[in-house]
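Coordinates in review
The lines below spell out each chain.
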Amino acid sequence: MENEKYIKISELNEYIKVMFDENTFFHRIYLKGEISNFKNHTRGHLYFTLKDEEARISAVMFFNNARLLNFTPEDGMNVLVRGRISSYPAQGTYQIYVETMEKDGLGNLFVEYEKLKKKLELEGLFSIEHKKKIPKYPKKIGVITAPTGAAIRDILSTIKRRYPIAEVILFPSLVQGASAAPEIVSQIKKANTYDLDVLICGRGGGSIEDLWAFNEESVARAIFASTIPIISAVGHEVDFTIADFVADLRAPTPTGAAEMAVPTTLDLINLIAEKKLRLNALLSNTLKIKNQQLEHLKNSFVLKNPMVLYELKEQKLDRLLEQLNGSIKNQIGKAQTKFETLKNHYILKNPLKMYEGYQSDLKKEEMRLKNSIQIILENKKHQHELMVNTLKLMNPLNILEKGYSVTTKNGEVIKDANVLMPEDIIDIQFRKGRVKAVVKEGSYE
């Protein structure tokens, strides 16, 4: 029959598996590459992808071999593995069954991740003092994620179930690929122009490459600069990105972020009930105290005997009046004593004694003034004599007293005979008198 040439897919996959298993080339294969999509199964088996720059292959390492490892494999780690190649008939794929594995240095992405993490940590972007408090009862919640992914569905359904009165605003963005980081940064800045109480930023799980946008420095700095508190919700609980460290709060999953962002309606109902009980107790206690105070006042002696209060006031008024009268009498007595003292004062009875005292003081001042004037005149006279003697010493005509004379020509003193010529008329000044003379001859040496 025509259909006999067609075989089942399972038969083909089994045939391919036999080809792998019977070919000794695939029995021992040595590979090196970078781990991604790493998963540690609950039974201890390890599932991951081994890749290089151009290709990738699925890998599995069963528990009996994995338990012998001396390190914990993780995404981004470069490793050297030995194993066998075979196919997995159920899916029609081939994979390497890893028997041994050792580290071959850290992958490039992991190195970049650790380098940026250390840099931002030293700058203080992870410090607890910069973390903003997440409000307990937010009114508006912003969400930055892919508009069609599972993350937004989980977040919206969780908020609607727990806290339906909150308004949710979606800021759609790519969360994977080269354009994701710039879009996330742009949406964080845009969200900060809205009146939001909290902002959730994240995506669902994936490989380290898928989550890499949240390891970009630009995204980290945008989260740090946000004035709105940000909850990061990237990947699964085991995934950690730079955004998780910078954010004000890190959630293990997008659903967890929604749970951290809002309370439950039941929590609010219980809170209101608790507040109501406390308020009723407070009002009851207050009323009890006020009633006790009222009863105390109603039974007070003063209210039952109001005239007692009047009598007390009367007694107090009498005491105050007595104090006032005593004070007035005391002041009057002091004034009278002072008046009598002044009235009997010696000066008032002998007013000329005051004048005589002033006269005596005036004479003393007059004598002091005369003595001062006399001293000043003596000093001035002495200064005058000193100045006259000084002028006499400096007078050039004093030399004439010793028999010298002063010769001048046309009013100028002659110091050198060379300036005189025969027949010049000169003046000669003596101690007493002066004469004119005519030059006849002279010696000019």
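Residues numbered from 1 in each chain as written. Predicted model: local features only at pLDDT ≥ 70, side-chain atom pairs only at ≥ 80, totals over all residues. Heavy atoms only, no water.

**Focus: the overall build of the protein chain**
Keep this limit in mind: Numbered from the N terminus, helices here are DSSP runs of H or I no shorter than four residues, and strands are runs of E no shorter than two. For this measure, only C-alpha atoms enter the radius of gyration; the expected value for a globule follows 2.2 Å times N^0.38, where N is the number of residues. Partly exposed describes any residue whose relative accessible area lies between the buried limit of under 20% and the exposed limit of over 50%, with all areas from a 1.4 Å probe on protein chains only and scaled to the type maximum. Throughout, a contact is declared for two residues whenever any of their heavy atoms are within 4.5 Å.
Looking only at helices and strands, one finds 13 helices and 14 strands in the protein chain. Taken over C-alpha atoms, the radius of gyration comes to 60 Å for the protein chain, far larger than the 22 Å a tight globule of 445 residues would show. Taking the principal axes of its C-alpha atoms as reference, the protein chain extends roughly 180 × 125 × 45 Å. Counting all 445 residues of the protein chain, 29% fall into the buried class. The contacts of the protein chain with a sequence gap of at least 6 include a subset with a gap of at least 24, amounting to 61%.

**Here's the deal with empty space enclosed by the protein**
The test is simple: Only protein atoms enter the calculation, which uses a 1 Å grid: trapped sets of points that fit a 1.4 Å probe without letting it out are cavities, open sets showing protein on both sides within 12 Å along at least five of seven lines are pockets, and any residue with an atom within 4 Å of a point is a lining residue. Grid points are joined across faces, edges and corners, and a volume is the space filled by probe spheres set on the points. Residues are sorted three ways: Asp, Glu, Lys and Arg are charged, Ala, Val, Leu, Ile, Met, Phe, Trp, Tyr, Cys and Pro are nonpolar, and all the rest, Gly among them, are polar.
Counted by the stated rule, this structure contains 1 cavity of 30 Å³ or more. Computed from the structure, the largest cavity encloses a volume of approximately 50 Å³. What lines the largest cavity is simply Leu125, Phe126, Ser127, His130, Lys131, Lys132, Ile223, Phe224, Val246 and Asp248. Its residues assigned to classes, the lining of the largest cavity comprises 5 nonpolar, 2 polar and 3 charged.

**Notes on helix H6 (residues 217-225)**
The criterion, for reference: Our arc is simply the arc of the directions from the helix axis toward the C-beta atoms.
Those residues of H6 not exposed but buried are Val219, Ala220, Ala222 and Ile223. Across the axial projection of H6, the buried residues extend over an arc of 165 degrees, all falling on one side.

**Observations concerning a positive patch on the surface**
Put simply, the rule reads: Residues with no salt bridge and a relative accessible area higher than 30% make up the patches, which join like charges within 9 Å and nonpolar side chains (Val, Leu, Ile, Met, Phe, Trp, Tyr) within 5 Å. For every accessible area listed, the method is Shrake-Rupley and the probe measures 1.4 Å; residues are considered covered only by the protein chains on display. The salt bridge criterion pairs a side-chain nitrogen of Lys or Arg with a carboxyl oxygen of Asp or Glu, the two atoms within 4 Å. As used throughout, the charge tally considers Lys and Arg to be positive and Asp and Glu to be negative, leaving His and the chain termini uncounted. We put the charge of a Lys on NZ, of an Arg on CZ, of an Asp on CG and of a Glu on CD.
Taken together, Lys133, Lys136, Lys275 and Arg278 make up a surface patch of like positive charges. Residue position: Lys133 is located in the loop between helix H3 (108-123) and strand E6 (140-145).

**As for the nonpolar core**
Heads up, the rule is: By convention a nonpolar core is built from buried Ala, Val, Leu, Ile, Met, Phe, Trp, Tyr and Cys residues, the set being connected through side-chain atoms within 4.5 Å.
Of all hydrophobic cores here, the largest spans 36 residues; its most connected members are Leu199, Phe214 and Ile223. Breaking this core down by element, the ones donating at least two residues are H3, strand E7 (167-172), helix H5 (180-191), strand E8 (198-203), H6, strand E9 (230-234) and helix H7 (242-246). With 6 residues, H5 is the single largest residue contributor to this core. When neighbours within four sequence positions are excluded, Ile223 is seen to be in contact with Ile188, Ile230, Ala243, Val246 and Ala247. If you look at the next biggest cluster of nonpolar residues, it comprises 20 residues, including Phe20, Phe48, Val79 and Ile96.

**Comments concerning the side chain of Asp424**
Residue placement: Asp424 occurs in the loop between strand E12 (412-413) and strand E13 (425-429). Judged by its relative accessible area of 15%, Asp424 falls in the buried class. Other than its neighbours up to four places away in sequence, Asp424 contacts Lys409, Val419, Ala437, Val438 and Val439.

**Focus on the packing of aromatic side chains**
Test applied: Centres within 6.5 Å make a pair out of two Phe, Tyr or Trp rings, where for Trp the six-membered ring is used; the pair is then stacked when the planes are under 30 degrees apart, edge-to-face when over 60, and tilted otherwise. To sit over a ring, a charge needs its Lys NZ or Arg CZ within 6 Å of the ring centre and within 35 degrees of the ring normal.
Throughout the structure, instances matching the rule amount to 8 aromatic pairs. Between Phe38 and Phe48, the ring centres sit 6.3 Å apart and the planes meet at 35 degrees, which makes this aromatic pair tilted. Highlighted residues: Phe38 in strand E1 (residues 29-40) and Phe48 in strand E2 (residues 46-51), separated in sequence by 10 residues. Here Phe38 matches Phe48 in class, with each residue buried. The ring of Tyr97 has Arg84 sitting right over it, with the charged end atom 4.6 Å from the ring centre. For the cation-ring pair, Arg250 lies above Phe240, with the distance from its terminal atom to the ring centre recorded as 3.9 Å.

**Describing the sheet that holds strand E14 (residues 434-438)**
So the rule is basically this: At least two DSSP bridges between two strands are required for those strands to pair.
Strand order across the open sheet formed by 4 strands is E12-E11-E13-E14, with antiparallel pairing between neighbours. The open sheet has two free edges, formed respectively by E12 and E14, since each of these has just one partner strand. Sheet topology places strand E11 (residues 406-409) next to E13; 3 bridges connect them, and they run antiparallel. Bridge pairing links Thr408 to Asp427 in E13.

**Section: unusual backbone geometry**
Residues other than glycine seldom take positive phi values, yet Asn37 does so here, at roughly 55 degrees. Looking at the element boundaries, Asn37 is found in strand E1.

**A few points about the sheet that holds E6**
Quick note on the threshold: Structural elements are reduced to axes, namely lines fitted to C-alpha atoms, with helices fitted over the stretch in contact, and the angle between N-to-C directions of any two is expressed from 0 to 180 degrees.
Within the open sheet, the 5 strands sit side by side as E7-E6-E8-E9-E10. Their pairing is parallel. Strands at the two margins of the open sheet, each flanked by one partner only, are E7 and strand E10 (249-250). By the bridge criterion, 4 bridges tie E6 to E8 in an arrangement that is parallel. Each residue of the ladder has a partner; that of Ile144, found in E8, is Cys201. Running over the sheet, helix H4 (residues 150-162) touches E6, E7 and E8 and is turned about 165 degrees from E6.

**What about the environment of Ala150?**
Summarising the element assignment, Ala150 is placed in helix H4. On the basis of relative accessible area, Ala150 is assigned to the partly exposed category, the value being 41%. Taking the C-alpha atoms as reference, Ala150 lies 9.0 Å from Pro254; in sequence the two are 104 residues apart.

**Brief notes about the layout of surface pockets**
Its boundaries defined by the atoms lining it, the largest pocket holds a volume of some 610 Å³. Taken together, 20 residues line the largest pocket, and the ones lying closest to its centre are Phe38, Asp75, Val238, Asp239 and Phe240. Listed by contribution, the elements that provide at least two residues to the lining of the largest pocket are E1 and H3. Broken down by element, the residue count for the lining of the largest pocket peaks at 4 residues, all from E1.

**Quick word on the pattern of salt bridges**
A complete count under the given rule lists 12 salt bridges for this structure. The residue Glu217 makes a salt bridge to Lys119 at a minimum N-O spacing of 3.0 Å. One end of the pair, Glu217, is in helix H6; the other, Lys119, is in helix H3, and 98 residues separate them in sequence. Residue class for Glu217 comes out partly exposed when judged on its relative accessible area of 27%. Classification of Lys119 as partly exposed rests on a relative accessible area of 38%. A salt bridge links Arg250 to Asp244; the nearest nitrogen and oxygen atoms lie 3.8 Å apart. The residues Arg250 and Asp244 share a single accessibility class, namely buried.

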